[in-house]
Amino acid sequence: MTDPADRLPWMAAARRAALGLQATTRGRRGAKHALYVVLLEDRRRVCRHGLYVGQTSRDPDLRFDQHKSGYKASRYVARFGVTLLPELTAHLNPLRAWEALELEAALFEELVRAGVPWVEGGH
């Protein structure tokens, strides 16, 4: 079965944008944070799919489950989250907290610049 994100016309540009970022603290002592990207789907929107960018001190899979269950959840992920897209952030994780915050915002901006029609998070 193919990844639903692979069918999106803007996903290749989103991947290139994400892979263009680098982390200076990746794997260093104290690097316990992670960036993550979630595929969103809202069937009521003209552009049904989008991406949510977040950062966490937890495992991204656990954080996704927390969003879906409503715990400290982004309303976008809780309601429209489909799946994690770890291939967009694996080259960055783990990293230190300060850099996770910086790269969260940078990744958000890069995805918007790459033409992703709907991007949330990134703050």
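Residues numbered from 1 in each chain as written. Predicted model: local features only at pLDDT ≥ 70, side-chain atom pairs only at ≥ 80, totals over all residues. Heavy atoms only, no water.

1. Concerning the nonpolar core
Burial of nonpolar side chains together is a common tendency in soluble globular proteins. Counting 24 residues, the largest nonpolar core has M11, L51, L85 and L111 as its most contacted members. Elements with a contribution of two residues or more to this core: α1 (11-19), β1 (34-41), β2 (49-56) and α4 (97-113). Ranked by residue count, the leading element in this core is α4, at 5 residues. With near-sequence residues (within four places) excluded, M11 lies in contact with A5, L51 and L85. Formed by 9 residues, the second largest nonpolar core is a distinct cluster that contains V38, F64, F80 and W118. (Core = buried A, V, L, I, M, F, W, Y, C linked by side-chain atoms within 4.5 Å. Buried < 20%, exposed > 50% of the residue type's maximum accessible area, 1.4 Å probe, protein only. Helix = DSSP H or I, 4+ residues; strand = E, 2+ residues; numbered from the N terminus. Contact = heavy atoms within 4.5 Å.)

2. Some points on the sheet that holds β2
Spatial ordering of the open sheet is given by β3-β1-β2-β4, a layout of 4 strands whose pairing is mixed. If you trace the sheet from one side to the other, it starts and ends with β3 (81-84) and β4 (119-121), each paired once. Ignoring strand direction, the axes of neighbouring strands in this sheet form an average angle of 30 degrees. Bridge count between β1 and β3: 3 bridges; the pairing is antiparallel. Each residue of the ladder has a partner; that of L39, found in β3, is T83. (Pairing = 2+ DSSP bridges. Axes fitted to C-alpha atoms, helices over the stretch in contact; angles between N-to-C directions.)

3. Quick word on the packing of aromatic side chains
Counted by the stated rule, this structure contains 2 aromatic pairs. Ring plane angle 40 degrees and centroid distance 6.2 Å describe the contact between Y36 and Y52, whose orientation is recorded as tilted. Note that Y36 is positioned in strand β1 and Y52 in strand β2, a separation of 16 residues in sequence. Seen from their ring centres, F80 and W118 are 5.8 Å apart, and the 70 degrees between their planes marks the pair as edge-to-face. Pair noted here: F80 is in helix α3 (residues 75-80) and W118 is in the loop between α4 and β4, with a separation of 38 residues, a long-range link. (Phe/Tyr/Trp six-rings, centres within 6.5 Å; stacked < 30°, edge-to-face > 60°.)

4. With respect to the pattern of salt bridges
Think of it this way: side chains of opposite charge can pair up when their charged atoms draw near. Counted under the stated rule, the structure contains 5 salt bridges. D42 is the salt-bridge partner of R44, the closest N and O atoms lying 3.2 Å from each other. When its relative accessible area of 62% is taken as the criterion, R44 is described as exposed. Between R113 and E110 there is a salt bridge, and its shortest N-O distance comes to 2.8 Å. Of this pair, R113 and E110 are both found in helix α4, 3 residues apart, which corresponds to roughly one turn of the helix. One continuous salt-bridge network, built from bridges that share partners, spans E41, R43 and R48. (Salt bridge = Lys/Arg side-chain N within 4 Å of Asp/Glu carboxyl O.)

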